Amino acid sequence: QVQLVESGGGLVQPGGSLRLSCAASGSIFTIGAMGWYRQATGKQRELVATITGAGSTNYADSVKGRFTISRDNAKNTVDLQMNSLKPEDTAVYYCNAFVRSTSTPYGASYWGKGTLVTVSS
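Residues numbered from 1 in each chain as written. Predicted model: local features only at pLDDT ≥ 70, side-chain atom pairs only at ≥ 80, totals over all residues. Heavy atoms only, no water.

Caption draft 1: Spatial organisation of the nonpolar core. Residues Trp-36, Leu-80, Met-82 and Tyr-93 are the most contacted members of the largest nonpolar core, which totals 31 residues. Only strand S3 (18-25), strand S4 (28-39), strand S5 (46-51), strand S7 (67-72), strand S8 (77-82), strand S9 (91-101) and strand S11 (115-119) provide two or more residues apiece to this core. Among the elements that line this core, the one with the most residues is S9, at 5 residues. The residues contacting Met-82, other than those within four sequence positions of it, are Gly-16, Ser-17, Leu-18, Leu-20, Arg-66, Phe-67, Tyr-93 and Val-117. (Core = buried A, V, L, I, M, F, W, Y, C linked by side-chain atoms within 4.5 Å. Buried < 20%, exposed > 50% of the residue type's maximum accessible area, 1.4 Å probe, protein only. Helix = DSSP H or I, 4+ residues; strand = E, 2+ residues; numbered from the N terminus. Contact = heavy atoms within 4.5 Å.)

Set out below in structure tokens:
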């Protein structure tokens, strides 16, 4: 069974920074693309940033220049460095990964349970 566990959320003032981390565990063969998504209250879940196994990145326009996604393939982790945070960044942030494992040998998309980020003064 594959699990994704996020950490690093919390309360931060506007203009501040937070770093989110996500670790994948279980009987993993390989991990393809990994990413971060977020869902604000009353809104649909939206893409924040993704990164391929080769390191190619993609960002939502709203976070370009402020957020940086990175991964450590040896540790099966993906991080999201968030700078210059705004109140509109407040949301639950979810980690996602496409994983080939003993239970999903052809691959499946897995989600973490989410971590709350609140940007407020």
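Next comes the rest of the write-up.
Caption draft 2: How the structure looks around the sheet that holds strand S1 (residues 3-7). If you walk across this open sheet you meet the 4 strands as S1-S3-S8-S7, and the pairing is antiparallel. Each having just a single partner strand, S1 and S7 make up the two edges of the open sheet. When strand polarity is set aside, the average angle formed by the axes of neighbouring strands in this sheet is 15 degrees. Here S7 runs beside S8; their pairing, made up of 6 bridges, is antiparallel. Paired with Phe-67 across the two strands is Met-82, which belongs to S8. (Pairing = 2+ DSSP bridges. Axes fitted to C-alpha atoms, helices over the stretch in contact; angles between N-to-C directions.)

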